[in-house]
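Chain by chain, the residues:
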Amino acid sequence: SELYNPTTNTWTSIAPPDGGQGDWANIGASPFIELADGRVMVGHNGSSNQAGLSAALYDETSGNWTITGTNKNTSNNEEGYTLMANDKVLNVWNGDDNISMLGTAESYDPATGLWTKTTNAPVATGHGEIGPAISLPNGKVLQMGATGKNVLYDPATNSWTSVPDFPKLSNGLQLTASDDESVVLPNGNVLVITSVFTCSTHNCWWMGPAKWFEYSVSTNAWLSVPDDPIISSAANIANGVQVLSLPNGQVMMSGEGHIAFYNSSTSSNASYSPLISDISATSLSPSNTYKLSGKQLAGLTQGTAWGDEQQNQTNYGLVQITNKKTGDVSYARSFNFSSTSIAPNIPSTLSFTVDPKIENGDSSLRVIASGFASLPFDVTITGGIDLPSAVAQSTNGATNRNSTKTSSQSNISQGSQTLVQTTIFCAKGSAKKKVTGLKPHCPSGYKLSKH
């Protein structure tokens with residue numbers, strides 16, 4: 001393992017668990033997760049159905065590993081870890097070939113370092129691989145299946161609820177979320193990519209087409225999502241596609257060397273957002289560090305979930321500062337999170353260092369976790385960059401260093417003058433793009449098109 005330091009742009013090697021001996025001579029397709037207290041938990045791979053396998057906890061403060069969870073009933077092999085609203089970790093067995101273990105799931109308690117069996121899920125969701133399991137803002141966990149079957153787990157009642165299967169293709173093949181990625185949308189629903197996962201006696205593999213679906217929490221139903229506009233669904237498999245929730249509520253998707261953005265059809269639920277209660281100062285200066293306190297600063301979800309190997313959870317607060325006059329958007333470096341718990345109304349703190357190139361003036365500060373933004377907190381920036389007077393007079397302060405805007409900022413009003421964003425159309429062969437901005441231009445390789 002290696003530890004990356006963003007302030008120095010350097011990597012540092014980290015000794016493996018147990019010195020890389022015994023069970024820890026290698027780490028294969030194993031689950032890993034950051035706990036609510038900041039420690040990272042990595043599961044030992046082991047063999048299929050092998051019980052009693054351990055995990056290791058990495059503490060960044062001490063730089064040490066601690067062996068934990070030695071009473072596990074099933075293997076960690078090709079399984080996932082999911083942080084729940086009670087700060088425990090859910091793990092669902094990836095096998096479906098043993099009737100006596102059908103739907104087996106376990107819960108890890110960081111306070112005791114032990115696993116406890118939950119009630120069994122009503123269906124098998126694993127088949128050599130596992131689908132993503134993600135905590136929803138309502139506290140339940142949506143476990144999507146490599147078998148095409150799906151379930152909801154409620155940690156408050158230790159109970160499971162059935163969710164409709166993924167649809168089948170017109171030829172009868174079952175779509176699954178085997179080792180695929182999912183992301184929570186601003187409305188609390190879940191976006192997931194699926195494809196067919198075919199298995200013979202000793203071999204399983206993915207097969208196109210890749211199909212996107214949105215799980216509706218309110219109706220307990222799968223909603224069909226249009227195909228990715230860049231990549232033909234027939235030529236694409238779901239495994240390997242990455243998703244990430246962005247601060248403006250969009251979802252960024254990357255796959256097959258392309259990037260696309262998904263916009264949810266409904267607005268964000270305000271109750272899912274972080275709450276700022278206090279900042280150590282309201283007059284902020286570049287390169288200085290401040291402390292912020294509030295509730296739900298890590299949000300109510302980890303944002304994304306894969307199956308096992310690849311995790312890019314976003315349950316930590318980004319600090320966004322927007323200049324009220326120019327619309328300039330700046331991000332402070334946030335760190336020292338007292339908690340990354342996704343429990344509702346949990347009080348916590350974080351530190352943030354202001355960008356050295358930030359613009360002066362009255363600004364709004366927000367904390368954003370997994371695409372959910374807090375209400376703005378008024379701050380003033382001093383000691384930063386002043387716009388040249390000629391630029392300010394000719395554009396009324398709208399030539400921003402960053403053109404990034406929050407999703408609600410389509411127009412920028414300045415006194416009697418309103419600067420309106422315009423839209424152009426770009427083409428690259430059969431691929432089409434629509435670009436919106438104050439001064440929009442076509443991406444590299446694309447040419448301006450009439451429509």
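Residues numbered from 1 in each chain as written. Predicted model: local features only at pLDDT ≥ 70, side-chain atom pairs only at ≥ 80, totals over all residues. Heavy atoms only, no water.

1. Some thoughts on the sheet that holds strand S21 (residues 251-255)
And then number 1: Spatially, three strands are ordered S20-S21-S22 in an open sheet, and the strand pairing comes out antiparallel. Strand pairing shows two members of the sheet lacking a second neighbour, strand S20 (242-245) and strand S22 (258-262), which therefore form its edges. Strand-to-strand twist in this sheet, taken as the mean axis angle between neighbours without regard to direction, amounts to 20°.
And then number 2: Looking at chain direction, S21 and S22 are connected through five bridges and run antiparallel. Bridging from a neighbouring strand, Met-252 pairs with Phe-261 of S22. (Pairing = 2+ DSSP bridges. Helix = DSSP H or I, 4+ residues; strand = E, 2+ residues; numbered from the N terminus. Axes fitted to C-alpha atoms, helices over the stretch in contact; angles between N-to-C directions.)

2. Points about the packing of aromatic side chains
And then number 1: With the rule as written, the count across this model stands at 13 aromatic pairs.
And then number 2: Taking the centre distance of 5.7 Å and the plane angle of 35° together, the rings of Tyr-290 and Phe-352 count as tilted. On the criterion of sequence distance, the pair formed by Tyr-290 in strand S25 (residues 289-295) and Phe-352 in strand S29 (residues 347-353) is long-range, its members being 62 residues apart. Of the two residues examined, Tyr-290 and Phe-352, each falls in the buried class.
And then number 3: Following the ring pairs from residue to residue traces out a cluster consisting of Phe-166, Phe-213, Tyr-215 and Trp-222.
And then number 4: Sitting above the plane of the Trp-115 ring, Lys-72 keeps its charged end 5.3 Å from the centroid.
And then number 5: The ring centre of Phe-335 lies 4.3 Å from the NZ or CZ of Arg-333, which sits over that ring. (Phe/Tyr/Trp six-rings, centres within 6.5 Å; stacked < 30°, edge-to-face > 60°. Buried < 20%, exposed > 50% of the residue type's maximum accessible area, 1.4 Å probe, protein only. Lys NZ or Arg CZ within 6 Å of the ring centre and 35° of its normal.)

3. Here's the deal with unusual backbone geometry
And then number 1: The linkage connecting Gly-208 with the following residue, Pro-209, adopts the cis geometry, with an omega of 10°.
And then number 2: With respect to the helices, strands and loops of the structure, Pro-209 is situated in strand S18 (residues 204-216).
And then number 3: For Asn-336, which is not glycine, the phi torsion reads 55° and is therefore positive.
And then number 4: Tracing the chain through its elements places Asn-336 in the loop between strand S28 (329-335) and S29.

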